[in-house]
Amino acid sequence: MNWNAVYAESAAADLLRLPVPLQSMTLDHVDKLSESPSTHARVCPANMGPPNHMLSEFSHVLDGRLHLVRILFRFDSNEQDFHIKGIGHVAYKRADEA
């Protein structure tokens, strides 16, 4: 059984702010999450999000920079949906950048 991903408005806006190649990679990652959310995520640490939320992340090298994408979500009590609350993104500078 696949879970349904439900995006909060803020998460949908976060997705659109990502560089275009990362947008499609994020959507692919969410597809993997929908197959088995707990396999591709961990409980969100208290200092990174609200209680009872999960965190999934992936990284990718794009334009010589390491990009880290984090997806914050929680399970719905109906056991069919998971609600994506936010999508975070960090692009780390290359060693040759000041």
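Data block above holds the structure.
Residues numbered from 1 in each chain as written. Predicted model: local features only at pLDDT ≥ 70, side-chain atom pairs only at ≥ 80, totals over all residues. Heavy atoms only, no water.

Some points on the sheet that holds strand β2 (residues 42-43)
Sheets are built from strands that pair by backbone hydrogen bonding, the pairs being arranged parallel or antiparallel.
Next, step 1: An order of β1-β5-β4-β3-β2 is seen for the five strands of this open sheet, with the pairing classed as mixed. Two strands close off the open sheet at either side, each with one partner strand: β1 (4-7) and β2.
Next, step 2: Relative to strand β5 (residues 81-91), β1 runs parallel, the two being bridged by four bridges. The partner of Val6 across the bridge, within β5, is His83.
Next, step 3: Running over the sheet, helix α1 (residues 9-17) touches β1 and β5 and is turned about 35° from β5.
Next, step 4: On the sheet, helix α2 (residues 20-35) packs against β1, β3 (54-62), β4 (65-75) and β5 and is oriented at approximately 145° with respect to β3. (Pairing = 2+ DSSP bridges. Helix = DSSP H or I, 4+ residues; strand = E, 2+ residues; numbered from the N terminus. Contact = heavy atoms within 4.5 Å. Axes fitted to C-alpha atoms, helices over the stretch in contact; angles between N-to-C directions.)

Looking at the side chain of Asp81
Next, step 1: Position of Asp81 among the secondary structure elements: in strand β5.
Next, step 2: Of the buried charged residues, Asp81 lacks a salt bridge, with Arg74 as the closest side chain of opposite charge at 8.7 Å.
Next, step 3: One polar contact links Asp81 to Asn4, side chain to side chain, over a distance of 3.1 Å.
Next, step 4: Sequence-distant contacts of Asp81, that is, excluding residues within four places in its chain, are made with Trp3, Asn4, Val6, Phe75 and Asp76. (Buried < 20%, exposed > 50% of the residue type's maximum accessible area, 1.4 Å probe, protein only. Lys, Arg positive; Asp, Glu negative; His and termini not counted. Salt bridge = Lys/Arg side-chain N within 4 Å of Asp/Glu carboxyl O. Polar contact = N/O pair within 3.5 Å; in protein donor to acceptor, adjacent residues only side chain to side chain.)

Things to note about the environment of Pro51
Next, step 1: Structurally, Pro51 can be placed in the loop between β2 and β3.
Next, step 2: Exposure remark for Pro51: the relative accessible area of 66% places this residue in the exposed category.
Next, step 3: Taking the C-alpha atoms as reference points, Pro51 and Arg74, separated by 23 residues in sequence, lie 9.3 Å from one another.

Here's the deal with α1
Next, step 1: Inspection of α1 places Ala11, Asp14 and Leu15 among the buried residues, and these make up the whole buried set. End-on view of α1: buried residues confined to an arc of 100°, all on one side of the axis. Along α1, exposed side chains directed more than 90 degrees from the buried face belong to Glu9, Leu16 and Arg17.
Next, step 2: Looking at the buried residues of α1, the elements they touch are β1, α2 and β5. (Arc of directions from axis to C-beta.)

Concerning the nonpolar core
Taken as a class, soluble globular proteins show a tendency for nonpolar side chains to be buried jointly.
Next, step 1: Judged by nonpolar contacts, the single largest core of 17 residues is most densely connected at Leu22, Leu33, Ile71, Phe73, Phe82, Ile84 and Ile87.
Next, step 2: Setting aside residues up to four positions removed in sequence, Ile87 forms contacts with Tyr7, Ala11, Asp14, Leu15, Leu18, Thr26, Val69, Arg70 and Ile71. (Core = buried A, V, L, I, M, F, W, Y, C linked by side-chain atoms within 4.5 Å.)

Focus on unusual backbone geometry
Next, step 1: The phi dihedral of Asn52 is positive, around 65°, even though this residue is not glycine.
Next, step 2: Along the chain, Asn52 turns up in the loop between β2 and β3.
Next, step 3: What makes Asn52 exposed here is its relative accessible area of 74%.
Next, step 4: The phi dihedral of Glu79 falls on the positive side, at around 60°, and the residue is not glycine.
Next, step 5: Tracing the backbone through its elements, the reader meets Glu79 in the loop between β4 and β5.

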